[in-house]
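# Structure assessment
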Amino acid sequence: MRIEHQAKDWNELAQLDPHWAILTSPGKRFGGWDSDEFFATGTAEAEAFMRRAAEFGLPNARTRALDFGCGLGRMTRALTQHFDECIGVDISEEMVRGARDANADVEGLSFVVNHANDLSRFPDASFDLVYSMIVLQHVPDRRAIESYIREFCRILRPGGLAAFSLPSHIPAIYRLQWRRRLYLGLRRLGVSAGFLYRRLRLMPIAMSYIPERDMALVVESQGARIVTVDTQGAAGLMNAGLKDSSYYVTR
Ligand SMILES: C[S@@+](CC[C@H](N)C(=O)[O-])C[C@H]1O[C@@H](n2cnc3c(N)ncnc32)[C@H](O)[C@@H]1O
């Protein structure tokens, strides 16, 4: 699937229901998130993450952080409490526009749109932290996911930390992704995104995974290493058998 099409899907979601497109909590669909409550989840997540990272003594500096797939800047904003400069990157212009609006009151952060399967806009060894949670799972092409992971390793400073999540297993039934297929098919026939999302409750977003052993090969090919992997089963009957993994990588 071409990157422009992925950007279009995320742009449509960002216009329809941006907070829920990011955090799909029950009861929060169709504008149910309060903005302060939404951003407070980022503060809590960043604090928990920094405590976990401290267990490994990483990263060894707190100058610059990248939030890849930043959405509305929920985590970019929160990471400014821990890093001097934070940059949010997203495929969707609409998400980035929303992120700039929502975080105009915060210093030390900026947002950029990236329509590429690489991060060539950033030099080697330029970040102490690369953070990317609930993003790679939605990239439909495995080669693109691996390319981003190689890029995370490349732009990481020695002693830095790359932290990213990606399921290491999803059940076969879940891989069918019938809601996504139906959405994309009906959209091609001209049915509006609003109707598909609001009335039929369909979503265009992909769900990808990479087994843990394959991830290790990708990371090691870049001269980086996995410090640890936190894996847990996802909640809910629909997700039974899905394994969510969070990787902590350094070089
Ligand atoms: C579920 S949201 C998570 C947002 C954010 N990480 C958070 O936790 O608040 C996924 C975000 O990833 C972005 N995204 C999807 N594919 C991307 C890609 N190839 N490059 C950059 N961003 C991407 C989407 O536009 C969306 O904003």
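Whatever comes next refers back to the structure up there.
First, a word on scope: everything that follows refers to the structure included in this document. (Residues numbered from 1 in each chain as written. Predicted model: local features only at pLDDT ≥ 70, side-chain atom pairs only at ≥ 80, totals over all residues. Heavy atoms only, no water.)

Lining the immediate environment of the ligand, one finds 18 residues, of which G69, R74, D90, M133 and Y148 sit closest. Between an oxygen atom of the ligand and a main-chain N or O atom of G71, the distance comes to 3.4 Å. One of the backbone N or O atoms of M133 is found 3.1 Å from a nitrogen atom in the ligand. Its free accessible area being 600 Å², the ligand has 99% of it covered by the protein chains. (Near = heavy atom within 4 Å. Polar contact = N/O pair within 3.5 Å; in protein donor to acceptor, adjacent residues only side chain to side chain. Areas by Shrake-Rupley, 256 points an atom, 1.4 Å probe, with all protein chains shown as cover.)

Below, the discussion takes up the pairing of strand 5 (residues 156-169). In summary, the side chains of a regular strand alternate between the two faces of the sheet. In terms of burial, strand 5 is largely enclosed, as eleven of its 14 residues are buried. Relative to strand 5, strand 4 (residues 127-132) runs parallel, the two being bridged by five bridges. What sits directly across from S132, in strand 5, is F164. With helix 6 (residues 142-155) bridging strand 4 and the parallel strand 5, this β-α-β connection has right-handed handedness. Strand direction decides the pairing type here: strand 5 and strand 7 (residues 243-250), joined by seven bridges, are antiparallel. Following the sheet pairing, S165 is matched in strand 7 by S246. (Buried < 20%, exposed > 50% of the residue type's maximum accessible area, 1.4 Å probe, protein only. Helix = DSSP H or I, 4+ residues; strand = E, 2+ residues; numbered from the N terminus. Pairing = 2+ DSSP bridges. Right-handed = clockwise from strand over helix to strand, strands pointing away.)

Bringing helix 8 (residues 178-188) into the picture now. Within helix 8 the residues assigned to the buried category are R180, Y183 and L184. The buried residues of helix 8 all sit within an arc of 90° when viewed along its axis, so they share a single face. Exposed and oriented more than 90 degrees from the buried face of helix 8 are W178 and R181. The inward-facing, buried residues of helix 8 abut helix 1 (3-16) and helix 9 (193-199). Positive phi shows up at G190, right after helix 8, with a value of about 100°. (Arc of directions from axis to C-beta. Contact = heavy atoms within 4.5 Å.)

Here we take up the pairing of strand 3 (residues 109-113). Pairing of strand 2 (residues 85-90) with strand 3, which is carried by five bridges, proceeds in the parallel orientation. Pairing of D90 across the sheet is with V113, part of strand 3. On the question of chirality, the crossover connecting strand 2 to the parallel strand 3 by way of helix 5 (residues 93-102) is right-handed.

L66, L136, F152 and F164 are the most contacted members of the largest nonpolar core, which totals 53 residues. A per-element tally of this core places helix 6 first, with seven residues. Those residues in contact with L136 that sit more than four places away from it in its chain are F68, I145, Y148, I149, F152, F164, S165, L166 and S208. Among the nonpolar cores identified, the runner-up in size contains 23 residues, and A46, M50, L58 and Y248 belong to it. (Core = buried A, V, L, I, M, F, W, Y, C linked by side-chain atoms within 4.5 Å.)

Positionally, A99 belongs in helix 5. Here the alpha-carbon distance between A99 and S208, two residues 109 residues apart in the chain, equals 25 Å. Among all residues touching A99, those that are not within four sequence positions of it are G71, L72, G73 and F111.

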